[in-house]
Amino acid sequence: MKKFDLTHYSFKQLMEFDACTRCGECVKWCPTYSEDGHESLQPAEKIRRMKSFIASQYGLRARLFGPKFPADEALEEYSRGVYDCTLCGRCNVVCPVKIDTRPLWLAMREHLVELGHYPEFFDTFRDTVTTKYNISGDNNEDRLIWSENLEQVPEGVKGKEEAEIVYYVGCTPAFYPQSYGIPQATVQVMERAGLDFTMLGGEEWCCGYPLILAGMGDAVKEFVEHNVAAVRRTGARKLVVGCPSCYHTWLHEYPKIMGEPLGFEVQHLSQLLEELITGGDIKLGKFERPVTYHDPCDLGRNSGIYEAPRNVIRSIHGISFTEMEENRRYSRCCGGGGDVAMFNEELVNAVARRRLQQAQATGAQLLLSACQQCERTLMNAVRQEKVRMRVLDIVELVARVMEE
Amino acid sequence: MDIMLVFWGFHIVAMIVFLVGMGLILSVWLQGTVNGRSDISAGQKLAFLIRGTLATIFSARLGALLRTLIWDGAIHPTLFRQHKLRWTAHCCVFGGIVLLTILSAFSFISVDILIPIFKMDNIFTSIFANKDHALTAFLNELGGLVVMVGLIIVMIRRYVIRELEMSTRIVDTEIIVFLALIIVSGYVVEICRLSFEFEELPPTAIYAFLSYPVALVARTADLPWGALHDWLFLLHALFSSAVIAYIPFSKFFHAIAGIIIASVNTFEREKPSLCAKG
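Here we summarise the structure given alongside this text. Quick caveat, the model's predicted, so the values are computed rather than measured.

Rules used in this analysis
Chains are numbered independently. Their residues run from 1 in the order of the written sequence. Think of it this way: whatever chain is written first is A, whatever ligand is written first is 1, and the rest follow in order. Given that this is a predicted model, residues contribute local features only at a pLDDT of at least 70 and side-chain atom pairs are listed and counted only at 80 or more, while totals for whole chains, interfaces and linings are drawn from all residues. Computation of side-chain values: all heavy atoms of the structure, hydrogens and water removed. Two residues qualify as a contact provided that any one of their heavy atoms is within 4.5 Å of a heavy atom in the partner residue. Note on definitions: buried area is the accessible-area loss of two parts on being combined, 1.4 Å probe, summed for both. A side-chain nitrogen of Lys or Arg and a carboxyl oxygen of Asp or Glu constitute a salt bridge if their distance falls within 4 Å. As used in this structure description, the phrase polar contact means that two N or O atoms lie within 3.5 Å; if the pair is within protein, one of them must be able to donate a hydrogen and the other to accept it, and residues adjacent in sequence are counted only when both atoms belong to side chains. Labels follow the DSSP assignment, with helices taken as runs of H or I lasting at least four residues and strands as runs of E lasting at least two, numbered in each case from the N terminus. Strand pairing is assigned whenever DSSP detects at least two bridges linking the two strands. Assignment of crossover handedness uses the view with strands pointing away from the viewer, where a clockwise path from the first strand over the helix to the second indicates a right-handed crossover. Only the stretch in contact is used when a helix axis is fitted, and all axes are lines through C-alpha atoms; the angle between N-to-C directions ranges over 0 to 180 degrees. Between 65 and 115 degrees an angle is taken as roughly perpendicular, under 35 as roughly parallel, over 145 as roughly antiparallel, and anywhere else as oblique. Following the grouping adopted for this structure description, the nonpolar residues are Ala, Val, Leu, Ile, Met, Phe, Trp, Tyr, Cys and Pro, the charged ones are Asp, Glu, Lys and Arg, and the polar ones are all others, Gly among them. Here the expected length of a helix is defined as 1.5 Å per residue gap, with one fewer gap than residues. Buried means the residue's accessible area, taken with a 1.4 Å probe over protein chains only, is under 20% of the maximum for its type, while exposed means over 50%, and partly exposed covers the values in between. Criterion for a disulfide: a pair of cysteine sulfur atoms at a distance within 2.5 Å. Here a crossing is called left-handed whenever its near helix is offset anticlockwise from the far helix by less than a right angle, and right-handed whenever the offset is clockwise.

### Some thoughts on the interface of chain A and chain B
With 48 residues of chain A in contact, the opposing surface of chain B contributes 47 residues. For the pair chain A and chain B, the two sides together bury roughly 4100 Å², of which 57% comes from carbon and sulfur. Of all residues in chain A, Phe11, Arg22 and Lys98 of chain A bury the most surface against chain B, accounting for 20% of the area lost on that side. Inspection of the chain A/chain B interface yields 5 salt bridges. For aspartate 72 of chain B, the salt bridge is made with lysine 98 of chain A, and the minimal N-O distance between the two is 3.6 Å. For the pair chain A and chain B, the number of links is 19 residue pairs in polar contact (both at pLDDT 80 or more). Looking at the side of chain A that touches chain B, the elements with two or more residues in it are α1 (11-19), α2 (25-29), α4 (43-58), α5 (60-65), α7 (90-94) and α15 (244-258) of chain A. No other element matches the 7 residues that α1 of chain A contributes to the side of chain A that touches chain B.

This is how it looks when you write it as structure tokens:
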């Protein structure tokens, strides 16, 4: 009789299934459940369902009378809950017994891939990423297409063989025109600060994070090895990453997958900006408008960077900065995470609308973030809701107010 | 019929069921990876975990481990920040049960081990072997009361104001019903005992501040209090043993797994990160 392969989970994660008290605290804070309302999306419910699947195969009754494999319908419904999660990790913050939920949801996705119960879209997606080395399916050699609009293309963009810093752009800003402004602003700032930087161009491959999120982490090793080797070849001492998801992957996943330290520092763009402003390498002018800031989940909750972007914003003269009702560890997800946007746009839009309402409540005219995916998702919500508010990445604002 | 013989016979079976249940749970956990490895046997995984645990216990981090065990595992500051009423309910139920369990354990140690076997007659045994000692009487009543207060808050939140956004399932209800039955039956047993022994009770028995006033009234009823006490005590004890046996198969188990996970996850987060600088 076929039984679940529990090696998708660690000893601790299997213990976490038993630690859940079903207190419901996570349910109150789940951004997707609050919009969709389907029980399978509740974090505690996902745990309950998996626990019952395990019990039906390994529990006392199963040992006495034989195991019972879950029905396909039950697995499908469970899969829906697991894949419609944006992996924002807010459930972990509010869990009284501190269940490390995000890695648990990822392990569930890996398990569902093995069981064959995952959104069909991911098969095509996996083919695209593993053959084109980016998420859009474009020719990977076109990774610097965004630089064609620049008045002056910095030396670093052309690709120096050796440099102090490597700027890793990420797939979304490289291939989606809506986000071109982020790498354009970044290289302008780096050039103005006089940094010795380079870029990998076509040698930059997807960081692999979208595959990890899909539960297909087994395909990522090749990407990790390629990217690390490409950065090491430049002799860089620092890798600057603009995308919080790529940053999280480089910082936390890459050393684990490589089984060794990377040998260079990994820094998020917001940290570099803070460093440049504090060090006086760039001077910022005035910007006298009310703004608010949205914490990207992969930068804040999942990587612990809350203050760097805020310090950058506060260093702009005349700016009026107001926090949203839910911020920092309790920040509400924009809906753009967890690969959900790839197959459930309606849910993503609903989550984004809610976050936009919180931004509107601050009276801000400009909604800032430090993530291209959050920017894109919130920008779509702004358009759909016809709200008079602009959405920018902090680096775009810094580039605009940067003095000569 | 020797009531204690019946109790111990049942209790030993219950403990065996409890241990079998714990073994089943451990066998499931051991199917997971340990330190990222799935290619080693369950025995090797267990040995690895035991070594890791012992290494932490006999290290400079023992203090931090104990702190997380008590602070994060039992006191739950996260819950306190999120929801004061829920935290109060949890503290009442958990704290009350811990108190009653400690009192029962001390009483057992005094009555069945220290006094008969080691002939010890000291302040510890005199307190815990005597149900009418002011401290024992008071703490037992207090433990039961706080558990009931906690359960009432839980019931109001779950069934009356329906504050939770989750559907209530049998697993949620059974834990409340079983705990309430244990506590209520405990009070009834105590009232029967006090009614039966009322004339001989020492003045300190009044510290049983809930049972004593009830017994004061109840004893006037023409009931066989002694026999009632014996049978109800047996039922109370058997039911409590059955609930202990049921722990590994029910939501009660969160009390064990939850404490471990809350401590381990906090403890791990407090470790200096190995990959912070790549």
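### Some points on the pairing of strand β8 (residues 390-393) of chain A
Residue and element names in this part refer to chain A. One ladder, built from 4 bridges, connects strand β7 (residues 366-369) with β8; its direction is parallel. In the sheet register, leucine 368 faces β8, and the bridge partner there is leucine 392. Tracing the backbone out of β7, into helix α19 (residues 372-385) and back to the parallel element β8 gives a crossover that is right-handed.

### Digging into the packing of helix α16 (residues 269-278) of chain A against helix α20 (residues 394-401) of chain A
Residues and elements named next belong to chain A. At their nearest, the axes of α16 and α20 sit 10 Å apart, and the two run at 30° to each other. Between α16 and α20, the interaxial angle falls into the category roughly parallel. Here Leu269, Ser270 and Leu273 of α16 lie close against α20, whose contacting residues are Ile394, Val395 and Val398. Partitioned by chemical class, the residues of the contact of α16 with α20 number 5 nonpolar, 1 polar and no charged.

### Structural notes on helix α10 (residues 225-246) of chain B
For an α-helix, the turn length of 3.6 residues means that residues three or four places apart are oriented alike. All names here are of chain B. With 22 residues, α10 extends 31 Å between its outermost C-alpha atoms, agreeing within 8% with the 32 Å of an ideal straight helix rising 1.5 Å per residue. The complete set of buried residues in α10 reads Trp225, Gly226, His229, Leu234, His236, Ala237, Leu238, Ser240, Ser241, Val243 and Ala245. In this structure, the buried residues of α10 make contact with α1 (3-29), α8 (170-196) and α9 (211-218).

### Structural notes on the side chain of asparagine 344 of chain A
For asparagine 344 of chain A, the position within the fold is in the loop between β6 (320-321) and α18 (345-361). Reaching out from asparagine 344 of chain A, the side chain makes a polar contact with the side chain of aspartate 84 of chain A at a distance of 3.2 Å.

### Some remarks on the pattern of salt bridges
The final tally for this structure, using the stated rule, is 42 salt bridges over all chains. The partner of arginine 90 of chain A in a salt bridge is glutamate 326 of chain A, with the nearest N and O atoms 3.2 Å apart. With arginine 90 of chain A in helix α7 and glutamate 326 of chain A in the loop between β6 and α18, this pair connects stretches of sequence that are 236 residues apart. For arginine 90 of chain A, a relative accessible area of 1% gives the class buried. Among the charged side chains, a salt-bridge network with shared partners connects Arg22, Glu39, Glu45, Arg48, Arg49 and Glu77 of chain A together with Arg158, Arg169, Asp172 and Lys251 of chain B.

### Focus: the environment of arginine 332 of chain A
All names here are of chain A. By the element assignment, arginine 332 lies in the loop between β6 and α18. Taking the C-alpha atoms as reference points, arginine 332 and tyrosine 306, separated by 26 residues in sequence, lie 14 Å from one another. Look past the residues within four positions of arginine 332 in its chain and what remains in contact with it is Pro31, Ser34, Glu35, Arg90, His294, Glu326, Arg354, Arg355 and Gln358. Only 3.5 Å separates the side chain of arginine 332 from the side chain of serine 34, close enough to count as a polar contact.

### Observations concerning the environment of leucine 194 of chain B
Residues and elements named next belong to chain B. On the secondary structure map, leucine 194 appears in helix α8. Linking leucine 194 and alanine 215, residues 21 residues apart in sequence, is a C-alpha distance of 6.0 Å. Beyond its immediate stretch of four places on either side in the chain, leucine 194 contacts Asp132, Leu201, Ala205, Ala208, Ser211, Tyr212 and Ala215.

### Description of the state of the cysteines
Residue and element names in this part refer to chain A. Taken as a whole and assessed by the stated rule, the structure comprises 0 disulfides over all chains. The closest cysteine sulfur to the non-disulfide-bonded cysteine 171 is located on cysteine 206, 4.1 Å from its own sulfur. Overall, the relative accessible area of 7% leaves cysteine 171 in the buried class. Cysteine cysteine 333 remains unbridged, with the sulfur of cysteine 297 as its closest cysteine sulfur at 3.9 Å. Of the residues examined, cysteine 333 reaches a relative accessible area of 2% and is grouped as buried.

### A few points about the packing of α4 of chain A against helix α8 (residues 101-115) of chain A
Residues and elements named next belong to chain A. In the contact formed by α4 and α8, the axes pass within 12 Å of each other and the chain directions differ by 45°. Accordingly, the angle class assigned to the pair α4 and α8 is oblique. The interaxial crossing formed by α4 with α8 has left-handed handedness. In this structure, α4 contributes Pro43, Lys46, Ile47 and Met50 to the contact, and α8 contributes Leu104, Trp105, Met108 and His111. Classifying every residue of the contact of α4 with α8 gives 6 nonpolar, 1 polar and 1 charged.

### Re unusual backbone geometry
Residues and elements named next belong to chain A. One non-glycine residue with positive phi stands out, namely lysine 98, at about 60°. Looking at the secondary structure, you find lysine 98 in the loop between α7 and α8. Relative accessible area serves as the criterion here: at 10%, lysine 98 is assigned to the buried category. We note that tyrosine 133 has phi near 65°; this positive angle belongs to a residue other than glycine. Here tyrosine 133 shows up in the loop between α9 (121-132) and α10 (155-158).

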